Amino acid sequence: MHDDRRLIEGRLRRTLQRIEDAVWSHPVPVDLGRWDAPGEPVPVAEGLAAPYAPARVGEPWGPPWGTTWWRVRGEVPVEHAGRPVDLRLDLGFDPLRTGFHVEGLVYRADGTPVKGLNPRNQWVRVSDAGAGEAVDLFVESASNPLLLGGGGFDFRPSPLGDPETAGREPMYRVVRAELAVFEQEVWELQQDLEVLGQLAFELDAHDPRQWQLLRAVDRALDRLDTADIAGTASAARGELEGVLSEPARASAHRISAVGHAHIDSAWLWPVRETVRKVARTCSNVLALMEDDPDLVYAMSSAQQFAWLRDHRPEVWTGVVERVREGRFVPVGGMWVESDTNMPGGEALARQLNHGKRFFLDELGIETREVWLPDSFGYTAALPQLIALSGSQWFLTQKISWNTTNRFPHHSFRWEGLDGTRVFTHFPPADTYGSEVSGAEVAHASRNFSDKGDATRSLLPFGWGDGGGGPTREMLARAKRLRDLDGSARIEVERPDAFFQKAEAEYPGAPVWVGELYLEMHRGTYTSQAKTKQGNRRSEHLLREAELWASTATVRTGAPYPVEELDRIWKVVLLQQFHDILPGSSIGWVHREAVAAYEAVAQELTAIIDAAQAALAGDGEAEVVFNASPDPRAGVPALGAGPRSSTGDTTDPVTVEADGDGWVLSNGLVTARVDDHGLLTSVVDMASGREALAPGSAGNLLQLHPDTPVDFDAWDVDAYYRRTWTDLTDAESVEPVEDGVRVVRRFGESTVTQLLTLTSGEARVDVGTEVDWREREKILKAGFDLDVTTERSTSEVQFGHVHRPTHTNTSWDAAKFEICAHRWVHVGEPGYGAAVVNDSTYGHDVSRRDREGGGTTTQVRLSLLRAPQSPDPVADLGVHRLRYAVVPGAGIADAIREGYRVNLPLRVVRGSGEVVEPLVSVDGGGVVVEAVKLADDGSGDVVVRLYESLGARSSAIVSAGFEFDGVVAVDLLERPLETAGFEPVEGGVRLALRPFQVVTLRFARG
């Protein structure tokens, strides 16, 4: 027989276009009214009661970020009696941009929501059998501009991401507004042909099943009269019944499909628009559930559920009802789908605490999976936190975006820092927004890495990113593929059902140890520096606010601001969403984030001031508060008292001229700054060893071009490293108190730096102010350290990770930009050095030739970028940041100095008496991360600590107050059986494994 596959494919494609045009018939126009809301969106009641003006198809509407309300009135014609009739409303939709521009939510006249409208969902059922039935509906539509770039995702700078620059010109036109008969049989034929055609063209040409499907499709098209599609659709479907009833092969891959709409809590739209996107998508899902009892829908992010509860209670009521049925499934257990590279350890714990607590309190659901399909890499700290939150599974698919190495597993056990393992799944369809297409289903089956040992994968289906969710077409495909020869088997079911089956069938799943590093989007460690600085500052202010407020409550009876802290935490957690904190959103989002951080800082500072005033008492003596986990200036960790030099070296700082430079010394460190303002020597006095490599400089600013191939705000590509300018010219270099002031100008930018020492502290600080006016550049600050090492050590949440400094393998080479929190350490046996910072996350560490032989190690901080998409003015402006080099440092020193740089001492006037810490730790390497009062309002004191050195450790945690008992608890502060836990008089003895996190709850009477 002749090979006519291409002919059949072309015939099918052309005929499907004609069938799609015949799904609705006998259109009649409706009456349109229009009201353009001034400014920001209005409450539903106001929109319904607004004064509507006549409108017509074809007229322009929709300035950027505008809201237009439509009133739709009509009557079902008599000739449509007994037939389903839909309102078809096309507001200017582009089917290729679902979720990224025009959207709407349909309401009845009484304000109850009906369903969402989007480019793939332009219809509303108004009648199933009525004739003469009146139609009276309202649509709240959002004229969101299409970004990245004016014509699509081209990453060109666009003014549309900020209402201040977007203009007011209408962007859209109404294309269609009519009532039409829905031709059910034509639609069913469309689904049959799409599924069989997609499946056929995914099969191998040598597979007889492909030819069976093609011949059946060909026969069906022979029976179809394109001049009378509705009249001949049933006959055409009859030719397909046989091939549609053939069961799948026994070895077919099994897919658990779940409805989904990954809705970014902010990205190419502001948070306020996400509130409406969630309402539109959930309304659409609820309407679809009414029509299809098989639909199961999973939604993550407690924040998005809270938005429904608070802003769209009419939608919330329907969601709660379906949750109780088990069809609308909360997943994820986090407040938002957070970035996991940059949030601090306590913040990640609170993401899980607040997320899981919301689902328990509001919905009675204990989520069991952490659901992060789209975050940009995953910290090695996460498995332990997942387990400590009471969850047991993890899902993502983002690692499929790796540009260098293919991740070897789709189902595996992920081992974190402390040895905790969680069952993890990457959907092999490589998408979190499947259409359940033949190509996606076939790709999932072919791509699944664990064939032979495992048989199952998960498929989240539905329009996402900007929302929309599943459609009836997706469900139709899933039904046809449930048990169909040539395809994987598909069953629509809950994610927890999948995880239970997948874990049970794969008890010997392979183990991946350490972080899940995404070989892409490395620029997100640096973009939008003010957002990152706000996050770092907020996390440490929250630590202080909880610590001092708890201490004040226990010591003085001052009220604990539980409601304020709860609200503030949720503000900070929202900003950690994986397109806000990483710096990959439009300018509007980041402007609001910076404002939120400023408000948070004011509130937390007020809480801290009030608590410290209560603790300090009356008087004019100096009381120093130390929130860091180590003693400082003679003040105990987590306590307060008069400054003391006991046990510390507190030589004054000296600054002396030395030829063409200056020498700084404080008895612990001696540093030399030359007349270019560069560090040419840094010596720790304890060892007498020089930290900087021969002939090199420290604090060398370097400027690189930064023009990634795609994803401007997201990516830095490896080739940027090959071109740079050393910024060695100084406008001025002059001594100041405790240091040297350096001013540099380059391009349109100015950098002013203070290189200083602090009495009693063994590091060289670099306070930096940058008036940054460059575009598509990246600014680095480098220290060429005289150590030879094959790995660097970076702080992450509740511990640290090692990464290679060489490029031996493709996996090593891919980590050319890395994320670290407060410090990076490099060392060799007996000696090391650290670089600490107060707000920088992006770093690179590499090996360099050493003058005189051997190698040295260069540590660089990525200070600023200037991407132009999606925010064309990203990072422009004045930035203030701080970093420091710590010579002669071990890991414990790096940890100590990292906390000190981020938690400066606070001085208050008072009685001068010592404020004893609520808790103290006797045992090296154990760090207290949080001290707070219990979430339940009991007044119990909760202490979270961790082993920080990566070693087995024993410690006694003592309480500085009367307590009735102490237990170990999980992240939700529920009792948790914990090995190595032994109550002793006054506290508890702990035996900790490396990097173990333990939360203690001290009961107060």
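Please read all numbers here as calculations on a predicted model, not as lab measurements.

### Re the overall build of the protein
Reasoning step 1: Within the protein, the regular secondary structure consists of 19 helices and 53 strands.
Reasoning step 2: Computed over the C-alpha atoms, the radius of gyration of the protein is 31 Å, within 12% of the 30 Å expected from 2.2 N^0.38 for a compact globule of 1005 residues.
Reasoning step 3: Expressed along its principal axes, the backbone C-alpha trace of the protein runs to roughly 95 × 65 × 60 Å.
Reasoning step 4: Across the protein, contacts joining residues at least 24 apart in sequence account for 74% of those joining residues at least 6 apart.
Reasoning step 5: A total accessible area of about 35,600 Å² is found for the protein, and carbon and sulfur atoms account for 48% of it.

### Here's the deal with the nonpolar core
Reasoning step 1: Of all hydrophobic cores here, the largest spans 219 residues; its most connected members are Phe328, Phe394, Leu945 and Phe1002.
Reasoning step 2: Broken down by element, this core gets its largest block of residues, 12 residues, from helix H17 (residues 587-616).
Reasoning step 3: In this structure, Phe1002 is in contact with Val919, Asp940, Val941, Val943, Val957, Ala959, Phe961, Phe963, Gly965, Val966 and Gly987, ignoring residues within four places of it in sequence.
Reasoning step 4: Listed in part, the 46 residues of the second largest apolar core include Leu664, Val770, Val826 and Leu864.

### Focus on the packing of aromatic side chains
Reasoning step 1: What the rule picks out here adds up to 38 aromatic pairs.
Reasoning step 2: Between Phe963 and Phe1002, the ring centres sit 5.1 Å apart and the planes meet at 85°, which makes this aromatic pair edge-to-face. Here Phe1002 lies in strand E53 (residues 997-1003) and Phe963 lies in the loop between strand E49 (953-959) and strand E50 (965-969), a separation of 39 residues in the sequence.
Reasoning step 3: What makes Phe1002 buried here is its relative accessible area of 0%.

### Concerning the sheet that holds strand E23 (residues 621-626)
Reasoning step 1: In space, the three strands of this open sheet follow the order E24-E23-E45, with antiparallel pairing throughout. Two strands bound the open sheet, and with one partner strand each, they are strand E24 (639-641) and strand E45 (906-910). Neighbour to neighbour, the strand axes of the sheet diverge by 30° on average, direction disregarded.
Reasoning step 2: Note that E23 and E24 share three bridges and pair antiparallel.

### Considerations on the pairing of strand E30 (residues 698-705)
Reasoning step 1: With respect to burial, E30 is a largely interior element, seven of its eight residues being buried.
Reasoning step 2: Bridge analysis of E30 against strand E36 (residues 777-785) gives seven bridges, and the strand direction is antiparallel. Paired with Leu701 across the two strands is Ala781, which belongs to E36.
Reasoning step 3: Summarising the sheet, E30 and strand E31 (residues 725-726) pair through two bridges and their orientation is antiparallel. Among the inter-strand pairings, Gln702 is bridged to a residue of E31, identified as Asp726.

### Looking at the pattern of salt bridges
Pairing between side chains becomes possible if they bear opposite charge and their charged atoms approach one another.
Reasoning step 1: Within the structure shown, the criterion is met by 92 salt bridges.
Reasoning step 2: Taking the shortest distance from any N to any O, the salt bridge between Glu103 and Arg280 comes out at 3.3 Å. Placement of Glu103 in strand E7 (residues 102-108) and of Arg280 in helix H7 (residues 271-291) is noted, with a sequence separation of 177 residues between them.
Reasoning step 3: Using a relative accessible area of 3% as the deciding quantity, one classes Glu103 as buried.
Reasoning step 4: Shared partners join several salt bridges into a network, and the residues in it are Glu40, Glu103, Glu140, Arg272, Glu273, Arg276, Lys277, Arg280 and Arg312.

### As for empty space enclosed by the protein
Reasoning step 1: All chains considered together, the criterion is met by eight cavities of 30 Å³ or more.
Reasoning step 2: Volume-wise, the largest cavity comes out at about 260 Å³.
Reasoning step 3: If you trace the largest cavity, you find 24 residues lining it, with Gly344, Gly345, Glu539, Arg822 and Glu929 closest to the centre.
Reasoning step 4: In terms of residues, the lining of the largest cavity owes the most to one element, helix H15 (residues 529-556), which gives six residues.
Reasoning step 5: In this structure, the second largest cavity spans a volume of roughly 110 Å³.

### Considerations on the sheet that holds E7
Reasoning step 1: Pairing within the open sheet is antiparallel, and its six strands lie in the order E3-E2-E5-E10-E7-E8. A strand with exactly one partner marks an edge of an open sheet, and here the two such strands are strand E3 (53-55) and strand E8 (113-117). Each adjacent strand pair in this sheet contributes to an overall mean axis angle of 30°, direction not counted.
Reasoning step 2: The pairing of E7 with strand E10 (residues 134-143) spans seven bridges and is antiparallel. Opposite Gly104, over in E10, you have Ser141 as the bridge partner.
Reasoning step 3: Along the sheet face, H7 touches strand E5 (66-75), E7, E8 and E10 and points at about 110° away from the line of E8.

### Some remarks on the side chain of Glu761
Reasoning step 1: Summarising the element assignment, Glu761 is placed in strand E35 (residues 761-772).
Reasoning step 2: Excluding residues within four positions of it along the chain, Glu761 makes contact with Arg632, Asn666, Leu668 and Arg900.

### Let's talk about the pairing of E35
Reasoning step 1: Relative to E35, strand E34 (residues 749-758) runs antiparallel, the two sharing eight bridges. Note that in E35 the partner of Leu755 across the bridge is Val766.
Reasoning step 2: The pairing of E35 with strand E44 (residues 877-887) spans nine bridges and is classified as antiparallel. Along E44, the bridge assignment pairs Val770 with His879.

### A word on unusual backbone geometry
Reasoning step 1: Residue Pro870 follows Ser869 across a cis peptide bond; omega there is 10°.
Reasoning step 2: Looking at the element boundaries, Pro870 is found in the loop between strand E43 (855-864) and E44.
Reasoning step 3: The phi angle at Glu973 is positive, at roughly 65°, despite the residue not being glycine.
Reasoning step 4: Inspection of the secondary structure assignment puts Glu973 in the loop between E50 and strand E51 (981-984).

### A few points about helix H5 (residues 229-238)
Reasoning step 1: Within H5, the full set of buried residues consists of Ile229, Thr232, Ala233 and Ala236. Considered in projection along H5, the buried side chains sweep an arc of 135° and stay on one side of the axis.
Reasoning step 2: Buried positions along H5 lie against helix H1 (5-21), helix H3 (184-200) and helix H4 (208-223).

### Details of the packing of H3 against helix H13 (residues 472-480)
Reasoning step 1: Between H3 and H13, whose axes approach to 10 Å, the crossing angle comes to 60°. As the angle between them shows, H3 and H13 are arranged oblique. Here the hand of the crossing between H3 and H13 comes out right-handed. Taken together, the residues of H13 that come into contact with H3 (itself represented by Trp187, Glu188, Gln191, Asp192, Glu194, Val195 and Gln198) are Arg472, Glu473, Ala476, Arg477 and Arg480.
Reasoning step 2: Within the contact of H3 with H13, the residues separate by chemical class into three nonpolar, two polar and seven charged.

Conventions and cut-offs
- Residues numbered from 1 in each chain as written.
- Predicted model: local features only at pLDDT ≥ 70, side-chain atom pairs only at ≥ 80, totals over all residues.
- Heavy atoms only, no water.
- Helix = DSSP H or I, 4+ residues; strand = E, 2+ residues; numbered from the N terminus.
- Rg over C-alpha atoms; globule rule 2.2 N^0.38 Å.
- Contact = heavy atoms within 4.5 Å.
- Areas by Shrake-Rupley, 256 points an atom, 1.4 Å probe, with all protein chains shown as cover.
- Core = buried A, V, L, I, M, F, W, Y, C linked by side-chain atoms within 4.5 Å.
- Buried < 20%, exposed > 50% of the residue type's maximum accessible area, 1.4 Å probe, protein only.
- Phe/Tyr/Trp six-rings, centres within 6.5 Å; stacked < 30°, edge-to-face > 60°.
- Pairing = 2+ DSSP bridges.
- Axes fitted to C-alpha atoms, helices over the stretch in contact; angles between N-to-C directions.
- Salt bridge = Lys/Arg side-chain N within 4 Å of Asp/Glu carboxyl O.
- 1 Å grid on protein atoms, 1.4 Å probe; cavity = no way out; pocket = protein on both sides within 12 Å on 5 of 7 lines; lining within 4 Å.
- Points joined across faces, edges and corners; volume = space filled by probe spheres on them.
- Arc of directions from axis to C-beta.
- Parallel < 35°, antiparallel > 145°, perpendicular 65-115°, else oblique.
- Left-handed = near helix turned anticlockwise from the far one by under 90°.
- Nonpolar A, V, L, I, M, F, W, Y, C, P; charged D, E, K, R; others polar.

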